[in-house]
2 protein chains.
Amino acid sequence: MTYCIGLYLEEGLVMLADTRTNAGVDNISTYSKTFTWEVQGERALTLMTSGNLAVTQAVIHHLNAGLSSDSDPDAQPESLYSVASPFQAARLVGRAVRRVYVEDAEAMRAQDASFQASFLLGGQIQGSEMALFQIYSAGNFIRATQETPFLQIGEHKYGKPILDRALKYQGAGVMDGVKLALLSMDSTVRSNLSVGFPLDLVVMRRNEHRLTLKYRIEDNDPYFQKLSRDWSDALRAAYQHLLPPEWL
Amino acid sequence: MTYCIGLYLEEGLVMLADTRTNAGVDNISTYSKTFTWEVQGERALTLMTSGNLAVTQAVIHHLNAGLSSDSDPDAQPESLYSVASPFQAARLVGRAVRRVYVEDAEAMRAQDASFQASFLLGGQIQGSEMALFQIYSAGNFIRATQETPFLQIGEHKYGKPILDRALKYQGAGVMDGVKLALLSMDSTVRSNLSVGFPLDLVVMRRNEHRLTLKYRIEDNDPYFQKLSRDWSDALRAAYQHLLPPEWL
């Protein structure tokens, strides 16, 4: 399993992924699920992956090798360094997923393995707006909006309530986003053993066209540990201050 | 879907269930999933149900009709008014589930319907300890303990983080439990349309041997609405007060 979150905020994007992969509880590994493409001052794109590791690694391979056009074999291969907008980047990732489907899905089905993969893609390229997308295993995708400013892939349930309640696009800074993403991840890591440390955090401020921060958080990270403790204390204090009902 | 929570606290038990049943998003009904058996000063037992409605209603029917012994046909039928302890009550519910399995499971399997049902049973009977059980569709069960003071059935993920962080057995009053159960339910209702109002709340204080409170909460309940709003405000204030990391 996996948990990845993308937050689309007024100041920019915050994206966070775990690194655990597992095939059963007795077969656990660490793989980064976070991939970045950056030309400072011109483009910054971050892709986070969830699902079958063979599928997602094949998608990354195609993206790095560049994808030839389906219709025009003489066209220059496209890559995330050549696309002109985040929307075109999402289309390219979708094409890569469809190519892997053509290559592998039938053989996987014969072995009862399902073709499962989903992706978060966020970033900005000079001359176009910052955007955050969720790309499905069919290669189609949706976009985060001001009304729904976060997207999640993988084990999304435990970490959703805090985002539902506390996250707003309007006026939100990336620092708010980092704290909320870490709290959402903490709730998930506590409840699902197949989501685990280290974590990969990426921040991209709007109109900087670069990776503002790419940071790995280990399980003994003092800030994360303090955040988790302080949050538990704050929640206990908060519910104790809520007014009791009259009927009890 | 369903969401039911049972909290096992030093002062007593708090149990909360929604009332929504659905067979698809276009076939939604309201059924109470909360059943109580009480002889004031002697016994109070509360059963909450999740799963296939035909299965859970058949289980309730057997419990109300009384179950004859499997091995001794001359023995008096047992009911939740005759058992001597919560443990025996849990065994009786388990026997009822197994009887329904014998009656219905094969015909259900022929129609690709799975035999799914789970239950929370809590209460106390004079002369024995208060206890809270989760009973599975195989009729076996587990018990809440001081280390793990809550049990959930149905859509459990959204409502778990708040309980994980804030709930302790030691020193916890039923008022703490009511607030936390309502907050856990609120997180679930917001995220899963198949969990819905009204809610049924039962409180049983230890050694009272009665239903301290049995209360129905409608979706326009002013206390619940205020609790939900206040909690969102408190969470936003709490995360904004958390210290920022040094590395951003």
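Provided above is the structure to which this section pertains.
Draft legend 1. Representation of the interface of chain A and chain B within the structure. Between chain A and chain B, the contact holds 48 residues from the first and 48 residues from the second. Interface of chain A and chain B: buried area, both sides summed, is about 4,500 Å²; carbon and sulfur atoms make up 67% of it. Linking chain A with chain B are four salt bridges, by the criterion used here. K157(B) is the salt-bridge partner of E155(A), the closest N and O atoms lying 2.9 Å from each other. Here chain A is connected to chain B by 24 residue pairs in polar contact (both at pLDDT 80 or more). Broken down by secondary-structure element, the contributors of at least two residues to the side of chain A that touches chain B are α3 (160-166), α4 (174-191), β11 (199-205), β12 (213-217) and α5 (222-241) of chain A. The element contributing the most residues to the side of chain A that touches chain B is α5(A), with 13 residues. Its residues assigned to classes, the side of chain A that touches chain B shows 28 nonpolar, six polar and 14 charged.

Draft legend 2. Main features of the relation of the copies chain A and chain B. Once chain A is rotated about the relating axis by 180 degrees and shifted along it by 0.0 Å, it coincides with chain B to within an RMSD of 0.0 Å. Seen this way, the second copy is the image of the first under a two-fold rotation axis. Among all C-alpha atoms of chain A, that of Y158(A) lies closest to the rotation axis, at 2.5 Å. Take the interface residues of chain A: 100% of them recur as interface residues in chain B, which is what a same-surface contact looks like.

Draft legend 3. Region of the structure containing the packing of aromatic side chains. Evaluated as defined, the whole model comprises 16 aromatic pairs over all chains. Ring geometry for W247(A) and Y223(B): centres 5.8 Å apart, planes at 85 degrees, overall edge-to-face. Placement of W247(A) in the segment after α5 and of Y223(B) in helix α5 (residues 222-241) is noted, with the two residues assigned to different chains. Residue W247(A) is classed as buried on the basis of its relative accessible area of 19%. Look at Y223(B) and you get buried, because its relative accessible area is 14%. Three or more aromatic residues link up through ring pairs in this structure, and these residues are F87(A), F133(A) and F141(A).

Draft legend 4. Layout of the sheet that holds strand β6 (residues 43-51) of chain A. All names here are of chain A. The sheet built from five strands is open, its strands ordered β5-β6-β7-β8-β9 with antiparallel pairing. Single-partner strands in this sheet number two, and they are β5 (34-39) and β9 (141-143). For this sheet, the mean inter-axis angle between neighbouring strands, taken without regard to orientation, is 15 degrees. Pairing analysis gives three bridges linking strand β8 (residues 131-135) to β9, with the strands arranged antiparallel. Within β9, the position partnered with I135 by the bridge is F141. Its contacts with the sheet place helix α1 (residues 53-65) against β5, β6 and β7 (117-125), and it is angled at close to 155 degrees to β6. Relative to β7, helix α2 (residues 86-110) is tilted by about 155 degrees, and along the sheet it contacts β6, β7, β8 and β9.

Conventions adopted
- Residues numbered from 1 in each chain as written.
- Chains lettered and ligands numbered in written order.
- Predicted model: local features only at pLDDT ≥ 70, side-chain atom pairs only at ≥ 80, totals over all residues.
- Heavy atoms only, no water.
- Contact = heavy atoms within 4.5 Å.
- Buried area = accessible area lost by both parts, 1.4 Å probe.
- Salt bridge = Lys/Arg side-chain N within 4 Å of Asp/Glu carboxyl O.
- Polar contact = N/O pair within 3.5 Å; in protein donor to acceptor, adjacent residues only side chain to side chain.
- Helix = DSSP H or I, 4+ residues; strand = E, 2+ residues; numbered from the N terminus.
- Nonpolar A, V, L, I, M, F, W, Y, C, P; charged D, E, K, R; others polar.
- Least-squares fit on C-alpha atoms with pLDDT ≥ 70 in both.
- Phe/Tyr/Trp six-rings, centres within 6.5 Å; stacked < 30°, edge-to-face > 60°.
- Buried < 20%, exposed > 50% of the residue type's maximum accessible area, 1.4 Å probe, protein only.
- Pairing = 2+ DSSP bridges.
- Axes fitted to C-alpha atoms, helices over the stretch in contact; angles between N-to-C directions.

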